[in-house]
Amino acid sequence: MSRSVTTTGSGTGTGSVTTTGTGTAIAAVAALALALALAGCSSGGDDAAAGTDVATAPRDAVRDGGSMRWAVDSVPATLNAFQAGADGTTSLVAGAVLPTLFRLDGRGRPQRDADYLDSADVVTTEPRQVVSYRLNPKARWSDGRAIGAGDFAAQWKALRGKDDAYWTARNAGYDRIASVKPGKEPHEVLVTFAQPYADWQSLFAPLYPASVTGSARAFNDAARHGLPASAGPFSVRNVSEKGGTVTLARNPAWWGDRAKLDTLVLAAVPAAQRPAGLAAGTLDVAEFEPSAYAALRKRADAENPKLAIHKTAEAAWSQLALNGAAGPLADERVRHAVARAIDRRAIADSVLKPLGLPSKPLGNHLLLATQEGYADHSSALGTADAASAQALLADAGWRPAKVQPAAEGAAPAMRSVRTGKALTLRFVLPESSLTLNRVGVRIARMLAAIGVRTDITRVADDSFFRDHIASGDFDLALYSWPGTAYPATDDRPIFAKPEPAADGTLTVEQNYTRVGTDQIDQLLDQAAGELDHGAARDLTARADARIWAAAGSIPLYQRPQLVALRTGVANAGAFGFATPRYQDLGFTKK
């Protein structure tokens with residue numbers, strides 16, 4: 001999954017910031033921080049254990065035809081997933097209409113998509129890594145042209161970062177490619193890497209036709225409100241900003257299993273309005289906030305079988321971000337003290353237990369609990385308890401004031417032995433998220449118990465990232481990151497050490513906390529180039545331990561994913577990591 005963005009500051013207004021990253025990530029991050037993203041997969045049992053909960057049905061039980069209305073957060077500003085302005089809906093559209101060579105299963109593992117690939121393998125590593133893609137001979141664009149090396153080469157040249165005329169939001173992985181050319185066999189594409197690249201399966205996902213990526217002008221404009229050609233079970237019929245919909249229609253040129261639906265309509269509906277839309281039948285699939293769970297659960301029980309709720313752990317995680325650019329949190333001892341004051345288990349319990357989901361706190365920044373290889377490295381932060389937190393504050397030059405605290409359960413305020421100033425941290429929260437606000441209040445109480453005061457500021461959703469997180473106007477903040485099957489590539493910008501630029505600005509990539517180390521960068525760089533899976537996993541584990549020790553990001557829990565379906569909806573639900581099989585979406589036969 002492509003991420004994006006960069007920047008984090010102290011909020012003190014010192015200096016300038018350069019932000020870099022993928023526009024997909026910027027929008028996706030904002031969506032994850034402010035609302036739950038859409039998804040769906042399985043009806044329990046083994047699938048639920050694998051991180052999915054979908055209303056599964058075999059294709060022969062799904063009727064042909066019909067239109068499904070799926071609630072989304074917004075109509076995207078562009079359908080180019082590699083461009084600034086892309087968002088979660090962009091990715092949803094791309095998955096239905098464009099080739100993605102490797103799709104993810106419920107454990108976040110890449111699986112070859114046989115509709116596009118007969119095979120894909122690293123065929124040599126010396127003197128350079130070469131990957132051979134053998135394309136399905138039936139794979140064609142909707143304009144009749146075969147998918148081939150020209151499409152791969154055009155996308156590589158657009159995304160490799162060597163031509164500023166392309167308005168790209170990222171070049172991770174593509175910048176390691178040395179050449180793309182046709183192979184000796186028919187329908188074969190050979191990609192040669194200048195540097196070893198472990199996450200090569202993340203590339204060409206999605207793959208755009210050369211008519212979109214072949215020139216800067218086409219890349220920048222051709223896919224803003226439509227696509228000149230598609231190669232999936234659906235194609236884009238209409239994008240209506242005024243109507244708030246993206247309409248996808250069955251693609252008659254699709255060579256795989258025929259899409260069951262006539263149309264899939266992605267409708268921009270605010271989270272608060274989705275329960276009413278489901279009840280009225282104007283929506284068939286809608287993700288909703290945990291705060292709405294009890295009411296929807298009651299309605300589902302009363303109206304059964306008109307409404308069903310599916311739930312799993314989302315492919316995303318919530319964190320407490322500590323801005324280490326300036327102020328008290330620039331001191332690692334103070335960051336450690338704050339982190340040790342937080343009872344992460346109590347927070348996870350408060351969010352997940354009422355939903356009937358496993359409530360263990362998340363112990364890893366790079367792998368989620370539903371992923372293969374997950375391990376808890378939180379011990380690198382040290383023992384969480386109030387006494388050790390206060391000892392760290394004392395070592396950093398903070399002492400409790402002599403006056404008694406006003407709030408019950410609060411300790412005397414910590415004050416600096418040099419200036420006498422109270423230790424108060426600015427805590428920024430998005431105003432619309434009831435879940436994050438409840439978590440924020442709980443954290444504030446935990447910090448008050450060690451004498452750390454918080455100044456909670458609730459801000460409008462549209463300014464939360466732009467004006468506060470991205471600009472660094474916070475000390476503490478709650479927001480989320482999407483999980484990824486490719487942490488060495490996708491997560492490096494999130495934890496990259498900020499670097500001064502020649503013009504005096506600070507390039508922080510996606511690292512909003514501005515807390516990073518050379519060792520973390522080196523370990524993730526090594527993992528990205530390590531073709532031995534076990535060795536790469538060891539490197540990312542070591543990197544995660546160092547990220548915990550740096551104490552800029554404190555994972556709290558893997559986010560819940562709650563999806564409500566109207567009666568008869570088939571093969572949709574809470575997908576977690578899994579990629580939907582769009583051609584199987586539909587309604588069961590009556």
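This text follows the structure it describes.
Every value quoted in this text rests on a predicted model; they were computed, and no experiment measured them.

K.L.:
Quick question: what am I supposed to make of the overall build of the protein here?
P.N.:
Helices and strands together make up the secondary structure of the protein, namely 17 helices and 25 strands. Radius of gyration (C-alpha) of the protein: 24 Å, near the 25 Å computed for a compact globule of 590 residues. By the burial criterion, 56% of the 590 residues in the protein qualify as buried. Long-range contacts, defined here as pairs at least 24 residues apart, represent 70% of the contacts in the protein between residues at least 6 apart.

K.L.:
What am I meant to see in the nonpolar core here?
P.N.:
Grouped together as the largest cluster of nonpolar side chains are 75 residues, with contacts concentrated most on Trp70, Tyr133, Phe152, Phe204 and Leu264. At six residues, the largest contribution of residues to this core is made by helix H4 (residues 149-159). When residues no more than four places from it in sequence are discounted, the contact partners of tyrosine 133 are Leu101, Leu117, Ser119, Ala120, Phe152, His187, Glu188, Val189, Val191, Trp200 and Phe204. Membership of the second largest hydrophobic core comes to 54 residues, among which are Ala71, Val334, Ala337 and Leu436.

K.L.:
Before we go on, may I ask you to explain unusual backbone geometry in this structure?
P.N.:
Negative phi is the rule for most residues except glycine; trans is the rule for most peptide bonds. The residue after glutamate 126, namely proline 127, is reached through a cis peptide bond having omega 0°. As for its position among the elements, proline 127 is in the loop between strand S6 (117-124) and strand S7 (130-135). Note that the residue after alanine 205, namely proline 206, is joined by a cis bond; omega there is 0°. Within the fold, proline 206 resides in the loop between strand S9 (188-193) and helix H5 (210-213). A positive phi angle, near 50°, is found at glutamate 509, a position not held by glycine. Relative to the helices and strands, glutamate 509 resides in the loop between strand S21 (506-507) and helix H16 (518-528).

K.L.:
How should the pattern of salt bridges be read in this particular structure?
P.N.:
If charged atoms from side chains of opposite charge come close, those side chains can pair. Tallied over the entire structure, the rule returns 25 salt bridges. Linking arginine 109 and aspartate 105 is a salt bridge whose minimum nitrogen-to-oxygen distance equals 2.8 Å. Aspartate 262 serves as the salt-bridge partner of arginine 250, at 3.1 Å between the closest nitrogen and oxygen. A residue pair is termed long-range when its members are at least 10 positions apart, and arginine 250 in strand S11 (residues 245-250) and aspartate 262 in the loop between S11 and strand S12 (263-268) qualify at 12 residues. On the basis of relative accessible area, arginine 250 is assigned to the buried category, the value being 18%. A relative accessible area of 35% places aspartate 262 in the partly exposed class. One continuous salt-bridge network, built from bridges that share partners, spans Arg59, Asp257, Arg581 and Asp584.

K.L.:
Before we go on, may I ask you to explain the side chain of serine 119 in this structure?
P.N.:
Looking at where serine 119 falls in the secondary structure, it is placed in strand S6. A relative accessible area of 18% means that serine 119 is categorised as buried. If sequence neighbours within four positions are ignored, serine 119 has contacts with Arg112, Ser132, Tyr133 and Arg134.

K.L.:
Any chance you could explain H4 here in plain terms?
P.N.:
Turn by turn, an α-helix covers 3.6 residues, leaving residues three or four places apart pointing in a common direction. With nine of 11 residues buried, H4 lies mostly within the body of the structure. Taken residue by residue, H4 has Ala149, Asp151, Phe152, Ala153, Ala154, Gln155, Trp156, Ala158 and Leu159 as its buried positions. Those residues of H4 hidden inside the fold are in contact with S7, strand S8 (177-182), S9, H5 and helix H6 (216-221). Downstream of H4 by one or two residues, glycine 161 has phi in the positive range, about 85°.

K.L.:
Looking at this structure, how should I read the packing of aromatic side chains?
P.N.:
The geometry of an aromatic ring pair is captured by the separation of the ring centres together with the interplanar angle, meaning the angle of the planes. Here the structure, examined in full by the defined rule, presents 19 aromatic pairs. Taking 5.4 Å as the distance between ring centres and 75° as the angle between the ring planes, the aromatic pair formed by phenylalanine 464 and phenylalanine 465 counts as edge-to-face. Given the relative accessible area of 0%, phenylalanine 464 is considered buried. Connected via pairs of aromatic rings, a cluster forms that spans Phe82, Phe102, Tyr133, Phe152, Tyr174, Trp200, Phe204 and Tyr208. Above the ring of tryptophan 156, the side-chain terminus of arginine 160 is found at 4.7 Å from the ring centroid.

K.L.:
Would you explain helix H11 (residues 386-395) in this entry?
P.N.:
Along H11, the residues classified as buried are Ser388, Ala389, Leu392 and Leu393. Viewed along the axis of H11, the buried residues span an arc of 145°, placing them on a single side of the element. Every exposed residue of H11 that faces more than 90 degrees away from the buried side is listed here: Ala387 and Asp395. Where H11 is buried, its residues contact helix H9 (332-341), strand S15 (398-400) and strand S16 (414-416). At the N-terminal end of H11, a side-chain oxygen is found 3.1 Å from the backbone nitrogen of alanine 387, two or three residues along, and the residue is aspartate 385.

K.L.:
For this particular structure, what's the right way to read the side chain of threonine 484?
P.N.:
If you trace the backbone, threonine 484 turns up in the loop between strand S19 (476-482) and helix H14 (487-490). Among the polar contacts listed, one links the side chain of threonine 484 to the side chain of aspartate 490, at a separation of 2.6 Å.

K.L.:
Sorry if this is basic, but what is going on with the packing of helix H10 (residues 344-352) against helix H12 (residues 434-448) here?
P.N.:
For any two helices packed against each other, one specifies the inter-axial angle together with the distance between the axes. Axis separation between H10 and H12 bottoms out at 11 Å; the angle between their running directions is 155°. The angle between H10 and H12 places the two elements in the roughly antiparallel class. Considering the relative orientation of H10 and H12, their crossing is right-handed. Residues Ala346, Ile347, Ser350 and Val351 of H10 form the contact with H12, whose own contacting residues are Thr435, Val439, Arg442, Ile443 and Met446.

K.L.:
I keep staring at the environment of tryptophan 70 and nothing clicks. Help me out?
P.N.:
Mapped onto the elements of the fold, tryptophan 70 is located in strand S3 (residues 67-72). We classify tryptophan 70 as buried; its relative accessible area is 1%.

K.L.:
Help me out: how do you make sense of the packing of H16 against helix H17 (residues 533-550) in this one?
P.N.:
For the pair H16 and H17, the least separation of the axes is 8 Å and the interaxial angle reads 160°. Regarding the angle of H16 to H17, the classification is roughly antiparallel. As for how H16 packs across H17, the hand of that crossing is left-handed. Residues Gln519, Ile520, Leu523, Leu524, Gln526 and Ala527 of H16 form the contact with H17, whose own contacting residues are Ala536, Leu539, Thr540, Arg542, Ala543, Arg546 and Ile547. In terms of residue class, the contact of H16 with H17 is made up of eight nonpolar, three polar and two charged.

K.L.:
Just checking my understanding: could you explain the sheet that holds S6 for this structure?
P.N.:
Remark on secondary structure: sheet strands pair via backbone hydrogen bonds, oriented parallel or antiparallel. Here we have four strands laid out as an open sheet, ordered S6-S7-S9-S8, and antiparallel in their pairing. Each edge of the open sheet is held by one strand with a lone partner, namely S6 and S8. Adjacent strand axes in the sheet meet at a mean angle of 15°, parallel and antiparallel pairs treated alike. One ladder, built from five bridges, connects S8 with S9; its direction is antiparallel. For proline 182, the partnering residue across the bridge sits in S9 and is valine 189. Along the sheet face, H4 touches S7, S8 and S9 and points at about 160° away from the line of S8.

Reading guide: rules and limits
- Residues numbered from 1 in each chain as written.
- Predicted model: local features only at pLDDT ≥ 70, side-chain atom pairs only at ≥ 80, totals over all residues.
- Heavy atoms only, no water.
- Helix = DSSP H or I, 4+ residues; strand = E, 2+ residues; numbered from the N terminus.
- Rg over C-alpha atoms; globule rule 2.2 N^0.38 Å.
- Buried < 20%, exposed > 50% of the residue type's maximum accessible area, 1.4 Å probe, protein only.
- Contact = heavy atoms within 4.5 Å.
- Core = buried A, V, L, I, M, F, W, Y, C linked by side-chain atoms within 4.5 Å.
- Salt bridge = Lys/Arg side-chain N within 4 Å of Asp/Glu carboxyl O.
- Phe/Tyr/Trp six-rings, centres within 6.5 Å; stacked < 30°, edge-to-face > 60°.
- Lys NZ or Arg CZ within 6 Å of the ring centre and 35° of its normal.
- Arc of directions from axis to C-beta.
- Polar contact = N/O pair within 3.5 Å; in protein donor to acceptor, adjacent residues only side chain to side chain.
- Axes fitted to C-alpha atoms, helices over the stretch in contact; angles between N-to-C directions.
- Parallel < 35°, antiparallel > 145°, perpendicular 65-115°, else oblique.
- Left-handed = near helix turned anticlockwise from the far one by under 90°.
- Nonpolar A, V, L, I, M, F, W, Y, C, P; charged D, E, K, R; others polar.
- Pairing = 2+ DSSP bridges.

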